[in-house]
Amino acid sequence: MDEIWGGGSEFPLLFGPSACVCGQANNSIAMFLAAADGNGARLDGLTFHSYPLGGGELAAKVVQPELLRGVATATDCYLQAGRQHSKSLRLSLTESNSNAATGANSGQNRYANGLWYVASLGASALNGLQLHSRWKLWDPRVAYRPLALTQTFGFLNKDFDRVTPDFFVAVLHKRLVGDGAPLPVASSN
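Throughout, a residue's number is its position along its own chain's written sequence, starting from 1. With pLDDT at 70 or above as the cut-off, local features in this predicted model cover only qualifying residues; side-chain atom pairs require 80 or more to be listed or tallied, and sums for whole chains, interfaces and linings still use all residues. Hydrogen atoms and water are omitted, and side-chain values are computed over all heavy atoms in the structure.

Chemist: Could you clarify how one ought to interpret the sheet that holds strand 3 (residues 90-96) in this entry?
Modeler: As a general point, the strands of a sheet are linked pairwise by backbone hydrogen bonds and lie either parallel or antiparallel. Here we have 4 strands laid out as an open sheet, ordered 1-2-3-4, and parallel in their pairing. Because the sheet does not close on itself, it has two edges, and the strands there are strand 1 (15-19) and strand 4 (131-132). Along the sheet face, helix 4 (residues 76-85) touches strand 1, strand 2 (45-50) and strand 3 and points at about 170° away from the line of strand 2. When DSSP finds at least two bridges between two strands, those strands are taken to pair. Helix and strand definitions follow DSSP, with helices as H or I runs of at least four residues and strands as E runs of at least two, each counted in order from the N terminus. By the convention used here, residues are in contact when the closest approach between their heavy atoms is within 4.5 Å. The angle between two axes is taken between their N-to-C directions and runs from 0 to 180 degrees, where each axis is a line fitted to C-alpha atoms and a helix contributes only its stretch in contact.

Chemist: What should I look at first to understand the environment of T94 in this one?
Modeler: With respect to the helices and strands, T94 occurs in strand 3. Linking T94 and R134, residues 40 residues apart in sequence, is a C-alpha distance of 7.2 Å. Discounting residues that sit within four places of it in the chain, T94 has contacts with S18, T47, F48, H49, L131 and S133.

Chemist: What exactly am I supposed to notice about the packing of helix 5 (residues 113-126) against helix 6 (residues 165-177) here?
Modeler: Helix-helix packing is characterised by the crossing angle of the two axes and by the distance between the axes. Running from N to C, helix 5 and helix 6 point in directions that differ by 30°, and their axes come no closer than 9 Å. The angle between the axes of helix 5 and helix 6 places the two elements in the roughly parallel class. Crossing of helix 5 against helix 6: the hand is right-handed. For the pair helix 5 and helix 6, the contacting residues are N113, G114, W116, Y117, V118 and L121 in the first and D166, V169, A170 and H173 in the second. Note on residue categories: nonpolar means Ala, Val, Leu, Ile, Met, Phe, Trp, Tyr, Cys or Pro, charged means Asp, Glu, Lys or Arg, and polar means any other residue, Gly included. Classifying every residue of the contact of helix 5 with helix 6 by side-chain character gives 6 nonpolar, 3 polar and 1 charged. An angle below 35 degrees is read as roughly parallel, one above 145 as roughly antiparallel, one from 65 to 115 as roughly perpendicular, and any other as oblique. Crossing handedness is defined as follows: a turn of the near helix away from the far one that is anticlockwise and smaller than a right angle gives a left-handed crossing, while the clockwise case is right-handed.

Chemist: Even after reading the chapter, I still don't get the pairing of strand 2, so can you show me in this structure?
Modeler: The side chains of a regular strand alternate, first on one face of the sheet and then on the other. Within strand 2, 6 of the 6 residues are buried, leaving the element largely enclosed by the surrounding structure. Between buried and exposed lies partly exposed: a residue is buried under 20% and exposed over 50% of the maximum accessible area for its type, with that area taken using a 1.4 Å probe on protein chains only. Side chains G45, T47 and H49 project from strand 2 onto one buried face, and the interleaved L46, F48 and S50 project onto a second face that is buried too. Note: strand 1 against strand 2, 4 bridges, orientation parallel. Of the residues in strand 2, the one forming a bridge with A19 is F48.

Chemist: Which parts of the structure should I look at to understand a nonpolar patch on the surface?
Modeler: A cluster of nonpolar side chains, namely M1, I4, W5 and L14, defines an oily patch on the protein surface of about 410 Å² accessible area. Examined against the element boundaries, I4 turns out to sit in helix 1 (residues 2-5). I4 gets classed as exposed once you look at its relative accessible area, which sits at 71%. For patch detection, residues must exceed 30% relative accessible area and be free of salt bridges, and they are connected within 9 Å for like charges or within 5 Å for nonpolar side chains (Val, Leu, Ile, Met, Phe, Trp, Tyr). Only the protein chains shown count as cover for residues, with accessible areas throughout obtained via the Shrake-Rupley method and a probe of 1.4 Å. In what follows, salt bridge is the name for a side-chain nitrogen of Lys or Arg lying within 4 Å of a carboxyl oxygen of Asp or Glu.

Chemist: Looking at this structure, how should I read unusual backbone geometry?
Modeler: It is generally the case that most residues other than glycine have a negative phi and that most peptide bonds are trans. At the junction of G16 and P17, the peptide bond is cis and its omega measures out at -5° in the coordinates. Inspection of the secondary structure puts P17 in strand 1. Backbone geometry places S18, a non-glycine residue, at a positive phi of 60°. Its location among the elements puts S18 in strand 1.

Put into structure tokens, the structure is as follows:
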């Protein structure tokens, strides 16, 4: 990037690595940040994935308050690593959904998945994330990997004639919160 952009004022921001492993012996975030430091690399943002409810059927999981509360801490490992690396590092959730199930319709296109989505959007705001991206916005007719055609993660189905309840959560969030403005909150003791 230095050779192409020369470090001028138009220098693009550098984000990475879009990791999905943190807090284990094979901690890709720690290795990535150590390599960036060791090579004197410039890093503007840390990106990562989160599928906090695991695999399987969602209907029973999304009505368990302790699991929904756990959504707020699902990205803690990434956040801690990024903030230890640099206080100015931009933190972004670049791929998320309730679970990473690859079987047909594990519940991501049902009303219940909206409960996870509300919790995840709130956790992202609470943790100061600059971006919260979904995997995926629509369910395509073709896929780049096996079983991806049976996934129902999107806001829109394959025929673009039906939206999931999560779409309405996203619209409501955008209209209430916009691009990061805090929600007005009233409290009484």
